[in-house]
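Structural overview for review
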Amino acid sequence: MDLTSSLGLVIPELVLALSGLIMLLFAAWGGNDAARPVSIASCVALGGAFFLVAPSVCMGLSGADTIAFYGQLRMDAFAGLAKLMIYAAAGAVLVVAPAYFDRIKASRPEFAVLVLFSALGMSIMVSATDLISLYIGLELTSLASYVLAAFLRDDDKSAEAGLKYFVLGALASGILLFGSSLIYGFAGTTSFGGINVAMADGLSGGLLMGVIFVLAGLAFKISAVPFHMWTPDVYEGAPAPVTMFFASAPKVAAVALLARVSLEAFGSQPFAWQQIVGFAAIASIVVGALGAIGQDNIKRLLAFSSINNVGFILIGLATASVAGASAMLVYLAFYTAMTVGSFVAVMMLKDAEGNPLETFGDIRGLSSTQPALAWCLLLIMFSLAGIPPLMGFYGKLVVFQAAVEADLIALAAVGIAASVIGAFYYLKFIKVMFFDEAVDRAKGKSDVAHWALLAIATLVISPVAWLGTGWLGGLADNAAATLFFAG
């Protein structure tokens, strides 16, 4: 495919790149006063990219016409669906972030620019069909994320979060690069299609080691056990909008990238990686559930919750089937809504002076002082726990169904059993908010944008969303099928 056609396929990425560069100039010239206009313009850019990508998802695009830059990128329906989730989550962060940073007098326009460039990197990640483009997208996202984690330079916790994320992220990137070099050395190519063909002829020891190292590097990015150790500290130390961003958009991008690498590049030898993914799934579910039980800080608890949810998502990937990949995408869609809703609610928890309330002691009896907020949190926590008829239950249902159809009954059984353990700490929210004596600390007022986002997220995971499950399932089936068509 020639350069002109390739540029036509990457118009959403060009919009983000040019918008990011223009916003960077505005930030430099306008100073901190430009923070809110830059955030609004960045939201518009993300919205534009969203609507440019949407047709590829609705039409289920696949095949040679979706390949750009001589096999480096594939703009198919799978990449498109992942991008829609990424842009929606990034846009939600930019909607609520200005009020948060204004309240703590730390508003700077660089935040929106970093989110924009990170979203650009994620777009490249989910479209990558070559180890080189994979690494470029991954590092563009990671470098912006390191800065975001330490965005509050005068705050010790934020600086610590940024340092931990940077050091461990650099280690994970090194592991990923080492695995990529092994694969290139033994397969003789960096393209996913070429690697697939090379592995079809047999899996040498060198190739197997390359697969293991690449999966280990990507496991760090999705906070899968045993590469999850950074998550609680970074989530707690980073500013709340940054934590919301980390838990949603980059998670979607990394999971989508892992799926594409596993099913396209390593798809001819699924037995080489299914056991690894299955172990990571079980370990993440169990460690996430047990680790959350003793937490008193809400952001740390949500960090372990994200580890736990990654385990359920990996069950879908472990099936190495179209149904499993489709179930993974459905779960990701509802997980994104639940994550956005939970962190928006956390940001709405503040005292009369605007100081954040982040412990369970701060929200005792919230149902009597902030009933609307408490009921929204109740629905979100019940959904995260997988309690019917909320959509968190539906996400788990389709994942377990795909696992049973792939004869991974033991994996599904362990996942179901661990779901019961995980329900405990979600129910802790309900007990504290509805049955403990009220402390009346959450007196801060929230703006319309926060309430609107919380209402939308709650509606998406409510029983009303069952009306759209057929439509979403169809989109996910078409998107998942493109992975196997390419492989």
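The present account deals with the structure reproduced in this document.

The rules behind the values
Residues numbered from 1 in each chain as written. Predicted model: local features only at pLDDT ≥ 70, side-chain atom pairs only at ≥ 80, totals over all residues. Heavy atoms only, no water. Helix = DSSP H or I, 4+ residues; strand = E, 2+ residues; numbered from the N terminus. Rg over C-alpha atoms; globule rule 2.2 N^0.38 Å. Buried < 20%, exposed > 50% of the residue type's maximum accessible area, 1.4 Å probe, protein only. Contact = heavy atoms within 4.5 Å. Areas by Shrake-Rupley, 256 points an atom, 1.4 Å probe, with all protein chains shown as cover. Core = buried A, V, L, I, M, F, W, Y, C linked by side-chain atoms within 4.5 Å. Axes fitted to C-alpha atoms, helices over the stretch in contact; angles between N-to-C directions. Parallel < 35°, antiparallel > 145°, perpendicular 65-115°, else oblique. Left-handed = near helix turned anticlockwise from the far one by under 90°. Nonpolar A, V, L, I, M, F, W, Y, C, P; charged D, E, K, R; others polar. Phe/Tyr/Trp six-rings, centres within 6.5 Å; stacked < 30°, edge-to-face > 60°. Lys NZ or Arg CZ within 6 Å of the ring centre and 35° of its normal. Salt bridge = Lys/Arg side-chain N within 4 Å of Asp/Glu carboxyl O. Expected span 1.5 Å × (residues − 1). Bend = angle between axes of the 7 residues up to and from the residue. Polar contact = N/O pair within 3.5 Å; in protein donor to acceptor, adjacent residues only side chain to side chain.

1. Some remarks on the overall build of the chain
Looking only at helices and strands, the chain features 20 helices and two strands. A compact globule built from 487 residues would reach a C-alpha radius of gyration of about 23 Å, and the chain, at 21 Å, matches this within 12%. Per-residue burial over the chain gives 60% buried out of 487 residues. Sequence-distant contacts in the chain: of pairs separated by 6 or more residues, those separated by 24 or more amount to 82%. Here the chain displays about 17600 Å² of accessible surface, and carbon together with sulfur accounts for 69% of that area.

2. Details of the nonpolar core
A general trend in soluble globular proteins is that nonpolar side chains are found buried together. In terms of nonpolar packing, the biggest core is built from 174 residues, with Phe111, Phe266 and Leu314 touching the most fellow members. If near-sequence neighbours (up to four positions away) are discounted, phenylalanine 266 is found in contact with Ile183, Ile195, Met199, Val211, Val214, Leu215, Val261 and Trp273.

3. Focus on the packing of helix α12 (residues 274-293) against helix α18 (residues 409-435)
Across the interface, α12 lies against α18 with an axial gap of 8 Å and an inter-helix angle of 20°. Relative to α18, the element α12 lies roughly parallel. Handedness of the α12/α18 crossing: left-handed. Listed contacts from α18 to Gly278, Ile282, Ile285, Gly288, Ala289, Leu290, Ala292 and Ile293 of α12 are Leu411, Val414, Gly415, Ala418, Ile421, Gly422, Phe424, Tyr425 and Lys428. Its residues assigned to classes, the contact of α12 with α18 comprises 12 nonpolar, four polar and one charged.

4. Let's talk about the packing of aromatic side chains
Aromatic ring pairs are described here by two measures, namely the spacing of the ring centres and the angle between the planes. In this structure the tally under the stated criterion is 20 aromatic pairs. Between tyrosine 165 and phenylalanine 220 the ring centres are 6.5 Å apart and the planes differ by 25°, which places this aromatic pair in the stacked class. Of this pair, tyrosine 165 sits in helix α7 (residues 156-187) while phenylalanine 220 sits in helix α9 (residues 205-221), and the two are 55 residues apart along the sequence. Each member of the pair tyrosine 165 and phenylalanine 220 is classed as buried. Among the aromatic side chains, those forming a connected cluster through ring pairs are Tyr146, Tyr165, Phe166, Phe220, Trp230, Tyr235, Phe245 and Phe246. Over the ring of phenylalanine 151 we find arginine 108, and its NZ or CZ is 4.4 Å from the ring centre. Taking NZ or CZ as reference, lysine 396 lies 4.6 Å from the ring centre of phenylalanine 312, over its face.

5. Description of the pattern of salt bridges
Applying the stated rule across the entire model yields 10 salt bridges. Here lysine 83 and glutamate 13 are joined by a salt bridge, their closest N and O atoms 2.7 Å apart. Within this pair, whereas lysine 83 is found in helix α4 (residues 77-103), its partner glutamate 13 is found in helix α2 (residues 11-30), the two being separated by 70 residues in sequence. On the accessibility criterion, lysine 83 (4% relative accessible area) is buried. A salt bridge links glutamate 236 to arginine 300, with the nearest nitrogen and oxygen atoms 3.0 Å apart. You can see glutamate 236 sitting in helix α10 (residues 231-237) and its partner arginine 300 sitting in helix α13 (residues 298-318), a full 64 residues away along the chain. We note that glutamate 236, like arginine 300, is buried. Overlapping salt bridges bring together Lys157, Glu160, Lys164, Asp233, Glu236 and Arg300 as one network.

6. A few points about the packing of helix α6 (residues 131-149) against α7
Direction vectors running N to C along α6 and α7 enclose 170°, while the axes themselves pass 9 Å from each other. Between α6 and α7, the angle is such that the two are roughly antiparallel. Taken together, the residues of α7 that come into contact with α6 (itself represented by Leu131, Leu134, Tyr135, Leu138, Glu139, Ser145, Tyr146 and Ala149) are Ser158, Ala161, Gly162, Tyr165, Phe166, Gly169, Ala170, Ser173, Leu176, Leu177, Ser180 and Ile183. Considered class by class, the residues forming the contact of α6 with α7 number 13 nonpolar, six polar and one charged.

7. A short note on the environment of valine 439
Along the chain, the position of valine 439 falls in the loop between α18 and α19 (448-460). In this structure valine 439 comes out as partly exposed when scored by relative accessible area, which is 24%. For valine 439 and alanine 283, which are 156 residues apart along the polypeptide, the C-alpha to C-alpha distance reads 37 Å. Excluding residues that lie within four positions of it along the chain, valine 439 makes contacts with Gly361, Asp362 and Arg364.

8. Digging into helix α11 (residues 240-265)
Over its 26 residues, α11 runs 36 Å from end to end, which matches the ideal 38 Å to within 8%, given 1.5 Å per residue. In the structure, α11 departs most strongly from a straight axis at lysine 251, where the bend amounts to approximately 35°. Burial analysis of α11 places 26 of its 26 residues in the buried class, the great majority of the element.

9. Thoughts on the environment of isoleucine 67
By secondary structure assignment, the location of isoleucine 67 is in strand β1 (residues 67-68). Residue classification places isoleucine 67 among the partly exposed residues on the basis of a relative accessible area of 24%.

10. A word on the side chain of serine 133
In this fold, serine 133 is placed in helix α6. On the basis of relative accessible area, serine 133 is assigned to the buried category, the value being 5%. A distance of 2.8 Å separates a polar atom in the side chain of serine 133 from the backbone oxygen of glutamine 72. A polar contact is formed between the side chain of serine 133 and the backbone oxygen of aspartate 130, at a distance of 3.1 Å. When near neighbours in sequence (up to four residues on either side) are disregarded, serine 133 contacts Gln72, Leu73, Ile124 and Ala128.

11. A short note on helix α3 (residues 35-58)
For the α-helix, the turn length of 3.6 residues means that residues three or four positions removed from each other point alike. The terminal C-alpha atoms of α3 lie 35 Å apart, and with 24 residues this matches the ideal 34 Å at 1.5 Å per residue to within 8%. Inspection of α3 places Ala35, Val38, Ser39, Ser42, Ala45, Leu46, Ala49, Val53, Ala54, Ser56 and Val57 among the buried residues, and these make up the whole buried set.

12. Comments concerning the environment of leucine 171
Among the secondary structure elements, leucine 171 is positioned in helix α7. Along the chain, leucine 171 and valine 432 lie 261 residues apart, while their C-alpha atoms are 39 Å from each other.

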